[in-house]
Amino acid sequence: MATREPHPSAAPFVPAARPTLQQLRQAAAGCTGCHLYECATQTVFGEGDARARVMFVGEQPGNDEDLSGRPFVGPAGKLLDRALEEAGIDRRQAYVTNAVKHFKWEPRGKRRIHAKPNAAEIAACRPWLDAEISLIQPTALVCLGATAAQALLGPRFRVTQERGRFVPSSLAQYVLATVHPSALLRAPDEETRHRETQRFVDDLRVVAEVL
Ligand code: URA
């Protein structure tokens, strides 16, 4: 039987000595630091301006992102785009990435259903996120959802209690967590979705004010 590394990590794949964004992306394309690469189509690395003042961190690529190789291009990404525009943040001037760079999924019939990455998978991928943060050095870092927030702000962090306000962190001058846009897509009815989307936009406006 094949044995797995006790502590899988992307660390051996991250280029040492101040890589460029392009070098990081190329190296990440060949990452086999944990098992998630086995079932994914490709690595979905972060995307955006290397001098971006704001970085958004989601959970992991979904089906559309896995196929296209780009973060936040599916339904959640489209909702994010609309909310950013409403909040006055230009996505072209942001950097968008995920805590985990490979799509984790389970089959359901012919469909590939999102499966939540576990703590070991998130930790394994963390060297890529750290490399992105230290290269971009964003003024503002925004965690989208509990997975990103807990990966970056600790497992006790509660988005429900602390969303929409800056929290002390050494990661960036301004660090804020809010809900994940896919949570808005799962709202039980149109009224709830509308209300929660407005709250999401309000959280993004807090970020827009410091950019
Ligand atoms: N959800 C995420 O967290 N990231 C993506 O890139 C897409 C959906």
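All of the points below concern the structure found in this document. (Residues numbered from 1 in each chain as written. Predicted model: local features only at pLDDT ≥ 70, side-chain atom pairs only at ≥ 80, totals over all residues. Heavy atoms only, no water.)

## A word on the pairing of strand β5 (residues 111-114)
Alignment of strand β4 (residues 105-108) against β5, held across four bridges, turns out to be antiparallel. Note on β5: the bridge partner recorded for W105 is H114. Between β4 and β5, which follow one another and run antiparallel, lie two residues, and G109 among them has a positive phi close to 60 degrees. (Pairing = 2+ DSSP bridges. Helix = DSSP H or I, 4+ residues; strand = E, 2+ residues; numbered from the N terminus.)

## So, the nonpolar core
By size, the foremost hydrophobic cluster in this structure holds 56 residues, and its most contacted members are V54, F56, V57, W128, L141, F200 and L204. Of all the elements, helix α4 (residues 119-136) adds the most residues to this core, at eight residues. Those residues in contact with W128 that lie beyond four places of it in its chain are A10, F13, V14, P15, L24, A27, A28, C31, F45 and K101. (Core = buried A, V, L, I, M, F, W, Y, C linked by side-chain atoms within 4.5 Å. Buried < 20%, exposed > 50% of the residue type's maximum accessible area, 1.4 Å probe, protein only. Contact = heavy atoms within 4.5 Å.)

## As for the site of the ligand
Around the ligand, the neighbouring residues are G58, E59, Q60, P61, G62, E65, P71, F72, N98 and H180. In this structure, an oxygen atom belonging to the ligand sits 2.8 Å away from a main-chain N or O atom of F72. Starting from 240 Å² of accessible surface for the ligand in isolation, the protein chains cover 91%. (Near = heavy atom within 4 Å. Polar contact = N/O pair within 3.5 Å; in protein donor to acceptor, adjacent residues only side chain to side chain. Areas by Shrake-Rupley, 256 points an atom, 1.4 Å probe, with all protein chains shown as cover.)

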